[in-house]
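Below, each chain spelled out in residue letters.
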Amino acid sequence: MKFLLVASNKDLASKNIANHIKEYFDIFETDKELLALTDADLERADYYIFLSKHKSMANKPSLTVHTPGNLTESNDLGGNPKEVCPCDAILNTLLLKNVYKNYKTYYENGKIGEFDVSFEVVHHSPTDLKAPTVFVEIGSSEREWVLKEAGEIIAKSVLETIDAVKSKNYEEKIRKMNLTELNQLWVQFDSYARQDFAYDFYFDRKSRFPVMIVASGKSSGGSFYSNVCFEDIVLNS
């Protein structure tokens, strides 16, 4: 099982995170922008984790996780229209939960200020990778991109997530899921949707397993806690 961690020398947050991982895990470093990469630029791997900055109009401090791709014809941020990289829901959920856990520890010990921790909607390139792909990001301005503590949180979370995926057989748990559990998953997410959140569900046609859940709303907390429900069903079943 090969994980390829991808970092760009043109991305301050990417370099920050990579500097805290290099001692423990090899990094695929590039002089290209991360959003300029395509499948042809990368080594073959079972999973791709992009270490990245996050930008937003609000410039709100944030730590985010999302699969790259374009759900519509719009590809203003690169990649192909209506193309999304494969998404491993277990990987993304574990990663987000580890980010939140480590951020909370730092925050409660006074090592870092307030950050939103959330899934982000699917958007931007690359879109043509053939294996599960996830971006884990520090946002949303240069002040946060170079913050040592933010880099440490993401680095620790990435390493913990890789260890967890390698050591636990989640695929067996997925195969044992039945329609009742999926219905329960839907009901729990729907209860959050009625609290000013909207969710789009993408199911694998064969297994009926939700491979992607796109959340939109006005609070990152809602995104995170909805994924606690998701993990309770999948990882603890």
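So, here's what we can say about the structure. (Residues numbered from 1 in each chain as written. Predicted model: local features only at pLDDT ≥ 70, side-chain atom pairs only at ≥ 80, totals over all residues. Heavy atoms only, no water.)

**Thoughts on the overall build of the chain**
Scanning the chain from N- to C-terminus turns up seven helices and ten strands. For the chain, the proportion of its 237 residues judged to be buried stands at 51%. Partitioning the intrachain contacts of the chain with sequence separation of at least 6 by distance along the chain shows that 71% fall at a separation of at least 24. For the chain, the accessible area works out to roughly 11,700 Å², and carbon and sulfur atoms hold 49% of it. (Helix = DSSP H or I, 4+ residues; strand = E, 2+ residues; numbered from the N terminus. Buried < 20%, exposed > 50% of the residue type's maximum accessible area, 1.4 Å probe, protein only. Contact = heavy atoms within 4.5 Å. Areas by Shrake-Rupley, 256 points an atom, 1.4 Å probe, with all protein chains shown as cover.)

**Some points on unusual backbone geometry**
In this structure, the amide linkage connecting S125 to the following residue, P126, adopts the cis form with an omega of -5°. Looking at the secondary structure, you find P126 in the loop between β7 (116-119) and β8 (133-140). Cis rather than trans, the peptide bond between G139 and S140 has omega equal to 10°. Here S140 is to be found in strand β8. For K82, which is not a glycine, the phi torsion comes out positive at approximately 50°.

**As for the packing of helix α2 (residues 89-108) against helix α4 (residues 148-167)**
Orientation of α2 relative to α4, taken along the N-to-C sense of each, is 140°, at an axis distance of 8 Å. One way to sum up the angle between α2 and α4 is to call them oblique. Pair α2 / α4 crosses with right-handed handedness. Here L91, L94, L95, N98, V99, K101, N102, Y103 and Y106 of α2 come into contact with α4, specifically with E149, E152, I153, I154, K156, S157, V158, E160, T161, A164 and V165. Its residues placed into classes, the contact of α2 with α4 shows eleven nonpolar, four polar and five charged. (Axes fitted to C-alpha atoms, helices over the stretch in contact; angles between N-to-C directions. Parallel < 35°, antiparallel > 145°, perpendicular 65-115°, else oblique. Left-handed = near helix turned anticlockwise from the far one by under 90°. Nonpolar A, V, L, I, M, F, W, Y, C, P; charged D, E, K, R; others polar.)

**Remarks on the nonpolar core**
In terms of nonpolar packing, the biggest core is built from 38 residues, with L51 and V158 touching the most fellow members. Elements with a minimum of two residues in this core: β1 (3-8), α1 (12-19), β3 (47-55), β4 (62-66), α2, β7, β8 and α4. F28, L37, F50 and C85 belong to the second largest nonpolar core, which has 13 residues in total. (Core = buried A, V, L, I, M, F, W, Y, C linked by side-chain atoms within 4.5 Å.)

**Things to note about the packing of aromatic side chains**
Under the criterion given, the structure shown has four aromatic pairs. Geometrically, the ring pair formed by F3 and Y47 is stacked, given 4.6 Å between the ring centres and 10° between the ring planes. Placement of F3 in strand β1 and of Y47 in strand β3 is noted, with a sequence separation of 44 residues between them. Like F3, the residue Y47 is buried in the burial classification. With a centroid separation of 4.6 Å and 5° between ring planes, the pair formed by F50 and F135 is classed as stacked. With F50 in strand β3 and F135 in strand β8, this pair connects stretches of sequence that are 85 residues apart. Classification of F50 as buried rests on a relative accessible area of 0%. Assessed through its relative accessible area of 0%, F135 is described here as buried. Aromatic ring contacts, followed pair by pair, group Y103, Y107 and F115 into a single cluster. Stacked on the ring of W145, the Lys or Arg K53 has its end atom at 5.1 Å from the ring centre. Of note, K111 hangs over the ring of Y106, and the distance from its end group to the ring centre comes to 5.3 Å. (Phe/Tyr/Trp six-rings, centres within 6.5 Å; stacked < 30°, edge-to-face > 60°. Lys NZ or Arg CZ within 6 Å of the ring centre and 35° of its normal.)

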